[in-house]
Amino acid sequence: MKLLIEQGRVIDPENGVDQVTDLYIQGEEIVALGAPPSEDYSPDRRINARGRWVLPGLVDLSARLGEPGHEQKATIASETRAAASAGITTLACPPDTSPVVDSPAQIELINRRARQACGVRVHALGALTAGLKGQQLSDMAALKRAGALGMSQALRPMGSHLLLRRALEYAASHDITVYLHPIDWSLAGQGCAHEGAVATRLGLPGIPEAAETAALGVLLALAAQTEARIHVCRLSTARGAAMVARAVEDGLPVSADVCAHQLFLTEMDVADFNSLCHVIPPLRTLRDRDGLRKAVAEGAIEAVCSDHQPHEADAKLAPFPATLPGMSTLETLLPLVLRLAEEGVLPLPEAVRRVTAGPARILGLKVGTLGVGARADIAIVDPERGHAPGPDNWLSAGRNSAFFGWDFRPRVTHTLVAGRVIFELQARQI
C-alpha cells in the first residue's frame with residue numbers, strides 16, 4: 001500500500017520540520033518528505049491535506065481502558081476507537097485493572113484484546129508490587145520480558161520507603177522505568193479536593209499541597225540514591241513542578257507529566273460540587289495551574305497526558321466525596337494541548353512535542369516523529385474545524401467529561417497507524 005498525503009503543514013518537532021509539503025508512505029513506513037522516493041512511485045491513495053496540519057500520531061502516557069475487570073465502564077475496543085478519533089495512535093495503560101497486571105498472562109490478555117480492536121497500540125505498565133498491595137515486589141524482569149514498558153504502583157500506597165528503595169534498586173538493575181504518583185497517602189487521607197478556601201467553604205475534606213511535595217522529596221532523594229529512572233506521574237502543584245525542574249537541572253534521571261485538564265481547570269470548578277471535577281490529584285489553585293503551564297512551556301514537564309478514566313453514570317451521582325474520581329479525557333487531549341499554543345503558553349511545535357516525541361521518549365518507543373524511515377503513525381488535523389464535544393458525538397463509553405459544551409477549534413480528520421487509516425471523519429461530519 002502506497003499513500004500520499006498532499007500539501008499539508010507537516011509539523012515534526014523532533015526533526016525541526018514545520019512546512020507545507022507532501023508526505024510519502026509505503027507499507028508501514030514514511031519513505032519520503034517533499035519529493036517522491038523514486039520516479040515510479042505511484043500512490044494507491046491520496047489524502048488532500050491542504051489547509052490542515054499533519055502531525056505525528058499522539059502518544060498518551062496514561063489511559064484506563066476498563067478491561068480487564070471493569071467492562072461496565074468501558075472496553076479496550078470502545079476506548080481505542082475514541083483514541084483513534086482523537087489522533088492518539090499509542091497509549092499506555094496503568095496496572096490497576098482487575099486482576100492487577102502483575103503477571104505476563106495479564107499483559108498477554110491486554111495485548112490480545114488490543115490486537116482485536118481498531119489498531120491503536122496499547123502498552124501495559126506492570127505492577128511494581130504483587131497485587132499492587134505494596135508489600136512484596138513483583139517479578140519485574142518477567143513483566144518486562146512480556147512487554148511491559150515500565151512498572152507502576154498506580155494510585156496505591158507502598159508499604160514503606162525501604163520497600164520503595166528496594167523496588168528502585170531492582171528496576172535500575174534491569175533498566176526499567178518506574179512510574180510513580182507523588183502522593184503521600186498519610187497526608188492525603190480521605191481527601192477529595194484541594195485543601196484551601198473552596199474545600200473549606202464546601203465542607204469537603206482536603207488534600208494539602210504537602211501531600212505532593214513531601215512525596216516528591218522522597219522520590220527525588222531515592223532517585224539520587226539508586227540512580228533508577230523515575231517518571232513522576234500527574235503533577236498538580238507549582239511547587240512540585242519547581243522541584244522536578246530543579247531535579248532535571250541537577251541531572252537526575254527524572255521526567256514528569258501533567259494531565260491536560262490540570263492546565264485549564266482549578267479548584268473553582270469544584271465550587272458547585274461538580275463531581276465531574278472530582279479527580280486525583282485534585283484540581284488546585286490558579287497559581288498552581290499557571291506554575292504547571294510554565295513548567296510545560298520550559299520543558300521541565302516533558303509530556304502532557306489524558307489521564308483518561310471512564311466511568312458509568314452512577315459513579316458520579318453520589319455526594320461529591322462518595323463519587324469515584326476520574327474524568328473521560330481521551331477526546332479532549334489534543335484540543336486542550338493545542339489551545340495552550342493558541343493562548344501563547346508555548347509555540348505550536350512545542351505543544352505538539354508534549355504529546356508526541358516527549359511521551360515517546362519516556363516510554364522508550366521509536367514513535368512520535370515523521371522522519372524518513374519512521375513508522376507511519378499520523379494524525380491529520382483541521383485547525384479551522386469547530387467541534388463542541390457532547391454525549392451525542394462522544395465515542396468513549398465514559399461520558400464523565402467536564403468539557404462537554406466547550407468550543408474546540410482543531411479537529412482530527414484522519415488517523416493512521418503503520419500507514420493504515422484507522423479513523424476518517426465522514427463527509428457529513430465535516
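Remember, predicted model here, so these are calculated numbers, not experimental data.

**Student:** Looking at this structure, I do not really get the pattern of salt bridges. What am I missing?
**Tutor:** Two side chains bearing opposite charge may form a pair once their charged atoms approach each other closely. All told, the structure shown has 29 salt bridges when counted by the stated rule. Among the ionic pairs, Glu-169 bridges to Arg-166, the shortest N-O distance being 3.1 Å. You can see Glu-169 and its partner Arg-166 sitting in helix α4 (residues 161-173), three residues apart, about one turn around the helix. Residue class for Glu-169 comes out partly exposed when judged on its relative accessible area of 29%.

**Student:** What exactly am I supposed to notice about the packing of aromatic side chains here?
**Tutor:** For any pair of aromatic rings, the description rests on two quantities: the centre-to-centre distance and the angle between the ring planes. For the coordinates displayed, the defined rule picks out five aromatic pairs. Where Trp-394 meets Phe-404, the ring centres are 5.0 Å apart and the plane angle is 80°; that geometry is what we call edge-to-face. Of this pair, Trp-394 sits in the loop between β17 (378-382) and β18 (411-417) while Phe-404 is found in the loop between β17 and β18, placing the two residues 10 residues apart along the sequence. Residue classification places Trp-394 among the buried positions, given a relative accessible area of 5%. Residue classification places Phe-404 among the partly exposed positions, given a relative accessible area of 24%.

**Student:** What's the story with the side chain of His-387 in this structure? I'm lost.
**Tutor:** Take His-387: it is sitting in the loop between β17 and β18. Of the residues examined, His-387 reaches a relative accessible area of 17% and is grouped as buried. Excluding anything up to four places from it in sequence, His-387 contacts Asn-393, Trp-406, Asp-407, Phe-408 and Arg-411.

**Student:** Teacher, can you tell me more about the pairing of strand β1 (residues 2-12) here?
**Tutor:** Both faces of the sheet carry side chains from a regular strand, because those side chains alternate between them. Taking burial as the measure, the 11 residues of β1 include eight buried ones, the bulk of the element. Direction of pairing for β1 relative to strand β2 (residues 17-26): antiparallel, over a ladder of nine bridges. Paired with Arg-9 across the two strands is Val-20, which belongs to β2. Joining the antiparallel neighbours β1 and β2 is a turn of four residues, in which Gly-16 adopts a positive phi near 70°.

**Student:** Would you mind going over helix α1 (residues 76-85) with me for this structure?
**Tutor:** An α-helix turns once every 3.6 residues. As a result, residues three or four positions apart point the same way. Counting buried residues in α1 gives eight out of 10 residues, a clear majority hidden from the surface. Looking at α1, one finds that the buried residues are Ile-76, Ser-78, Glu-79, Thr-80, Ala-82, Ala-83, Ala-84 and Ser-85. Buried residues in α1 make contact with β7 (88-93), α2 (104-115), β8 (121-124), β18 and β19 (420-424). Two residues or fewer past α1, Gly-87 is found with a positive phi of approximately 80°.

**Student:** Mind showing me how you'd approach the sheet that holds β8 here?
**Tutor:** One key point about sheets: their strands pair by backbone hydrogen bonds, in either a parallel or an antiparallel sense. The sheet built from three strands is open, its strands ordered β6-β7-β8 with parallel pairing. Each of the sheet's edge strands pairs with one partner strand only, and the pair in question is β6 (58-60) and β8. Ignoring strand direction, the axes of neighbouring strands in this sheet form an average angle of 15°. Pairing of β7 with β8 involves four bridges; the strand directions are parallel. Paired with Ala-92 across the bridge in β8 is His-123.

**Student:** Teacher, can you tell me more about the packing of α4 against helix α7 (residues 210-226) here?
**Tutor:** Geometrically, a packed helix pair is captured by the angle between its two axes and the distance between the axes. One can describe the packing of α4 onto α7 by two numbers: an axis separation of 10 Å at closest approach and a directional angle of 45°. The angle between α4 and α7 places the two elements in the oblique class. Judged by the twist between their axes, the crossing of α4 over α7 is right-handed. Packed against α4, whose contacting residues are His-161, Leu-164, Arg-165, Leu-168, Glu-169 and Ala-172, the element α7 presents Val-218, Leu-219, Leu-222, Gln-225 and Thr-226 at the interface. For the contact of α4 with α7, the per-class residue count stands at six nonpolar, three polar and two charged.

Cut-offs and rules
Residues numbered from 1 in each chain as written. Predicted model: local features only at pLDDT ≥ 70, side-chain atom pairs only at ≥ 80, totals over all residues. Heavy atoms only, no water. Salt bridge = Lys/Arg side-chain N within 4 Å of Asp/Glu carboxyl O. Helix = DSSP H or I, 4+ residues; strand = E, 2+ residues; numbered from the N terminus. Buried < 20%, exposed > 50% of the residue type's maximum accessible area, 1.4 Å probe, protein only. Phe/Tyr/Trp six-rings, centres within 6.5 Å; stacked < 30°, edge-to-face > 60°. Contact = heavy atoms within 4.5 Å. Pairing = 2+ DSSP bridges. Axes fitted to C-alpha atoms, helices over the stretch in contact; angles between N-to-C directions. Parallel < 35°, antiparallel > 145°, perpendicular 65-115°, else oblique. Left-handed = near helix turned anticlockwise from the far one by under 90°. Nonpolar A, V, L, I, M, F, W, Y, C, P; charged D, E, K, R; others polar.

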